[in-house]
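# Examination of the molecular architecture
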Amino acid sequence: MRPTPRSPASTRIVTSNESGFAAALFTLAFLPRLAVALALGREAVWDGHYYDFGARRIAAGLGYSDDRWVAGQLVWHPWCHYPVGYSAFLAAFYRILGASPAVAAVANALVGAALAVVTFAVAREGLPLGRARVAGLIVALHPGLVLYSALVMSEPLAAFLTFLSFWLGLHFRSRRGFAASAAVLGIAALVRPQALLCAPFLGLLLEGRRNQLLGALAACAIALVVVSPWTARNCRVMDGCALVSTNAGWNLAIGSFPRATGRFETLRSSDGCQDVTGQVQQDRCWLHVGLAEIRERPLRWLSLIPKKLGFTFDHESFAVEYLHEARPERWAEPLRSRAREFTTFIHRLLLAAAALGAVAFPLRRQRSGASAQGALLVAVGLLVGLAFVGDSPSFWPLAIFAATVVWLELPGSPPRTVALCLATSLLATTILVHAVFFGEDRYHVVVTPVLALLAAAALRGPESHRLA
């Protein structure tokens with residue numbers, strides 16, 4: 001697969017129209033997010049409780065830690081079960097403005113608005129101006145993302161940093177731009193460690209197979225260098241070394257142990273790790289449990305993959321359920337049900353549109369091109385139809401379709417720009433991660449900007465490579 005290149009030394013000029021639209025887009029995205037977050041955001045629950053707790057500790061100068069009673073005394077205890085990045089980001093706001101739900105709301109609204117702008121910026125590197133604007137507007141006005149701003153959760157920040165990394169490499173075609181891209185991806189890994197899986201794809205920013213391979217290795221090295229100070233901290237203060245956090249082993253066990261269902265399940269000591277103390281030791285124990293289960297029952301583990309991807313991509317209800325958990329009196333059952341149905345409908349609509357991101361229309365006159373693109377159109381229609389067959393809708397095959405077709409050189413297909421390929425790498429690696437571990441619908445939030453970009457690219461003409 002050879003994406004449409006641009007000269008490595010070139011930097012596309014940002015016009016005043018683009019800058020003005022970006023500013024308006026930021027405002028359009030920020031205001032509803034701030035209003036929703038201030039109105040609905042209160043107590044941080046579930047994983048958000050730990051992100052908030054970690055941020056408060058860092059803001060208070062206590063580092064990423066908790067306190068434990070040992071022999072009747074309160075003892076400082078280092079911590080790294082969750083990635084540190086989002087808590088550190090919140091801590092910067094807490095330190096200056098004070099730790100409160102309102103401050104978290106402002107921080108989340110800023111991130112959500114910036115995510116819309118950077119989605120537009122990445123799309124502009126691979127799509128005409130009009131379509132790039134559509135991508136930005138989808139992210140700015142997406143109901144699920146607007147609602148998500150009221151949650152103390154890390155996915156929007158992870159998406160923003162990953163897309164920022166892509167844009168830096170796409171826009172500044174230079175060694176410094178490439179290094180900055182890889183470095184920001186390393187920062188993204190401190191929020192969401194899976195971001196490191198996108199590092200090899202940064203090699204696509206370079207010309208030639210050899211340079212792309214060397215670039216992939218260099219991007220991985222730069223990203224790991226950025227992460228390494230935190231890794232060194234963990235090696236120094238924890239009971240063992242951990243690259244970023246100590247939940248990979250837990251997550252593998254959750255996705256493979258005998259009670260695994262494909263989604264989150266609480267692990268108990270009776271599930272295999274009883275005589276452990278430290279966080280690193282515990283995570284490694286669960287890693288061994290997960291690997292042992294996969295070796296002993298590989299077919300059962302493989303059979304869970306459709307369920308894992310279904311829990312990840314078939315619906316969108318996490319934000320509503322989070323807010324209901326925090327303030328149940330505000331979410332009567334009829335409202336709660338309607339809100340879940342609405343956010344799920346928008347997500348499915350966007351996923352279906354994203355599946356058309358690599359399909360050309362109108363069809364080429366040449367028979368081979370027309371046949372291939374016609375077959376893709378039929379395939380998307382069949383996948384949408386099949387999604388509703390059975391007891392529950394299954395939209396996850398559309399995500400796989402969107403993540404793979406972009407990489408295929410099919411007759412009559414629209415050009416595969418580097419921007420589209422980089423964005424799709426985030427979708428592909430997310431699918432891979434949750435096929436291996438387990439699924440929840442909040443995990444697709446990080447790829448919603450990818451779906452927006454692909455949806456904006458849907459049904460382009462086969463010669464639509466000129467950026468207007």
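Every chain's residues receive numbers from 1 upward, in the order its sequence appears when written. In keeping with the predicted nature of the model, local features appear solely for residues at pLDDT of at least 70, side-chain atom pairs appear and are counted solely at 80 or more, and the whole-chain, interface and lining totals rest on all residues. Water and hydrogen atoms play no part in the side-chain values, which are based on all heavy atoms of the structure.

## Remarks on the packing of aromatic side chains
To pair, rings of Phe, Tyr and Trp, with the six-membered ring standing in for Trp, must have centres within 6.5 Å; the planes then decide the type, stacked if under 30 degrees apart, edge-to-face if over 60, and tilted in the middle. Per the stated rule, a full pass over the model turns up 23 aromatic pairs. Both rings, one in Phe438 and one in Tyr443, keep their centres 5.9 Å apart while their planes meet at 70 degrees; by these two values the pair is edge-to-face. Throughout, exposure labels follow a simple rule: accessible area from a 1.4 Å probe, protein chains only, divided by the maximum for the residue type, with under 20% read as buried, over 50% as exposed, and the rest as partly exposed. The class of Phe438 is buried, set by a relative accessible area of 4%. Using a relative accessible area of 15% as the deciding quantity, one classes Tyr443 as buried. Through a chain of ring-to-ring contacts, three or more aromatic side chains come together here, namely Tyr50, Tyr51, Phe53, Tyr64, Trp79, Tyr82, Tyr86, Phe89, Phe93 and Trp230. Only when the NZ of Lys or the CZ of Arg is both within 6 Å of the ring centre and within 35 degrees of the ring normal is a charge said to sit over the ring. Positioned over the ring face of Phe21 is Arg133, at 5.1 Å from the centre of the ring. Seen from the ring of Phe318, Arg442 lies directly overhead, with NZ or CZ sitting 5.7 Å from the centre.

## Observations regarding the environment of Ala92
By the element assignment, Ala92 lies in helix 3 (residues 85–97). Note: C-alpha distance between Ala92 and Ala55 (37 residues apart in sequence) is 8.2 Å. Each helix corresponds to a stretch of at least 4 residues labelled H or I by DSSP, and each strand to a stretch of at least 2 residues labelled E; elements are numbered beginning at the N terminus.

## A closer look at the nonpolar core
In globular proteins that are soluble, nonpolar side chains generally tend to be buried together. Counting 136 residues, the largest nonpolar core has Leu151, Phe163, Phe166, Leu202, Tyr322 and Leu427 as its most contacted members. Among the elements that make up this core, the one with the highest residue count is helix 4 (residues 101–124) (16 residues). Core analysis: the second largest hydrophobic core is formed by 13 residues, Val276, Val289, Leu304 and Phe438 among them. In plain words, nonpolar cores are sets of buried Ala, Val, Leu, Ile, Met, Phe, Trp, Tyr and Cys residues tied together by side-chain atoms within 4.5 Å.

## Focus on a nonpolar patch on the surface
Residues Val378, Leu382, Leu386 and Val389 make up a contiguous nonpolar surface patch of about 400 Å² in total accessible area. Here Val389 shows up in the loop between helix 16 (367–387) and helix 17 (396–405). Take Val389: its relative accessible area is 55%, and that puts it in the exposed class. What makes a patch is a set of residues exposed beyond 30% relative accessible area and free of salt bridges, joined within 9 Å when like-charged and within 5 Å when nonpolar (Val, Leu, Ile, Met, Phe, Trp, Tyr). Where accessible areas are quoted, they stem from the Shrake-Rupley method and a 1.4 Å probe; at the residue level, only the protein chains shown are allowed to cover. Here a salt bridge means any side-chain nitrogen of Lys or Arg lying within 4 Å of a carboxyl oxygen belonging to Asp or Glu.

## So, the side chain of Glu316
Tracing the sequence through the fold places Glu316 in the loop between helix 13 (305–313) and helix 14 (318–326). No salt bridge is formed by the buried Glu316. Its closest oppositely charged neighbour is Arg348, at 9.6 Å. Sequence-distant contacts of Glu316, that is, excluding residues within four places in its chain, are made with His142, Gly144, Arg340, Thr343, Thr344, His347, Asp441 and His444. Residues scored as charged are limited to Lys and Arg (positive) and Asp and Glu (negative), so that His and the chain ends carry no count. Contacts were defined at the residue level, with two residues in contact if any of their heavy atoms lie within 4.5 Å.

## A closer look at the state of the cysteines
Counting rule for disulfides: a pair of cysteine sulfur atoms within 2.5 Å. A full pass over the atoms with the stated rule returns two disulfides. One disulfide bridge connects Cys235 with Cys241, the sulfur atoms lying 2.1 Å from each other. Across the S-S bond linking Cys235 and Cys241, the dihedral sits near 135 degrees, which makes this disulfide right-handed. The exposure class of Cys241 is partly exposed, given its relative accessible area of 42%. With its sulfur 2.0 Å from that of its partner, Cys273 forms a disulfide with Cys285. Here Cys273 and Cys285 share a disulfide; its torsion about the S-S bond, -105 degrees, makes the bridge left-handed. Separated by twelve residues along the polypeptide, Cys273 in the loop between helix 10 (248–254) and helix 11 (279–296) and Cys285 in helix 11 bring together distant segments of the chain. On the accessibility criterion, Cys273 (3% relative accessible area) is buried. Taking the relative accessible area as the measure of exposure, Cys285 reaches 18% and is therefore buried.

## Here's the deal with unusual backbone geometry
A cis amide bond links Phe361 to the next residue, Pro362, at an omega of 5 degrees. Checked against the element boundaries, Pro362 lands in the loop between helix 15 (333–354) and helix 16. Located in the positive-phi region is Trp46, a residue other than glycine, with phi close to 50 degrees. One can find Trp46 in the loop between helix 1 (16–40) and helix 2 (47–59). In this structure Trp46 comes out as partly exposed when scored by relative accessible area, which is 38%.

## Considerations on the pairing of strand 1 (residues 65–70)
For a regular strand, side-chain orientation follows a simple rule: the groups alternate between the two sheet faces. Here a strand pair is declared whenever DSSP counts at least two bridges between the two strands. Note: strand 1 against strand 2 (residues 73–78), six bridges, orientation antiparallel. Looking at strand 2, one finds that Val70 is bridged to Gln73. Between strand 1 and strand 2, which pair antiparallel and follow one another directly, the connecting turn spans two residues, one of which, Ala71, has a positive phi of 55 degrees.

## What to know about helix 5 (residues 129–141)
Compared with the 18 Å implied by 1.5 Å per residue over 13 residues, the 18 Å span of helix 5 between its first and last C-alpha is a close match. Of all the residues in helix 5, the buried ones are Leu129, Ala132, Ala135, Gly136, Val139 and Ala140. Around the axis of helix 5, the buried residues are gathered within 135 degrees of arc, so they sit on the same side. Its buried side turned inward, helix 5 meets helix 1, helix 4, helix 6 (143–148) and helix 19 (448–456). To estimate the expected span of a helix, subtract one from its residue number and multiply by 1.5 Å. Directions are taken from the helix axis to each C-beta atom, and the arc is the one they span.

## A few points about helix 19
Counting buried residues in helix 19 gives nine out of nine residues, a clear majority hidden from the surface. Taken together, the buried positions of helix 19 are occupied by Thr448, Pro449, Val450, Leu451, Ala452, Leu453, Leu454, Ala455 and Ala456.

## Topic: the pattern of salt bridges
One pass over the full model with this rule turns up 13 salt bridges. Note that Asp52 is salt-bridged to Arg56, the shortest N-O span being 2.7 Å. Placement of the pair is Asp52 and Arg56 together in helix 2, with a separation of four residues, close to one helical turn. Here Arg297 ties to Glu296 by a salt bridge, and the two come within 3.5 Å at their closest N and O atoms. Given a relative accessible area of 38%, Arg297 falls into the partly exposed group. Exposure remark for Glu296: the relative accessible area of 57% places this residue in the exposed category.

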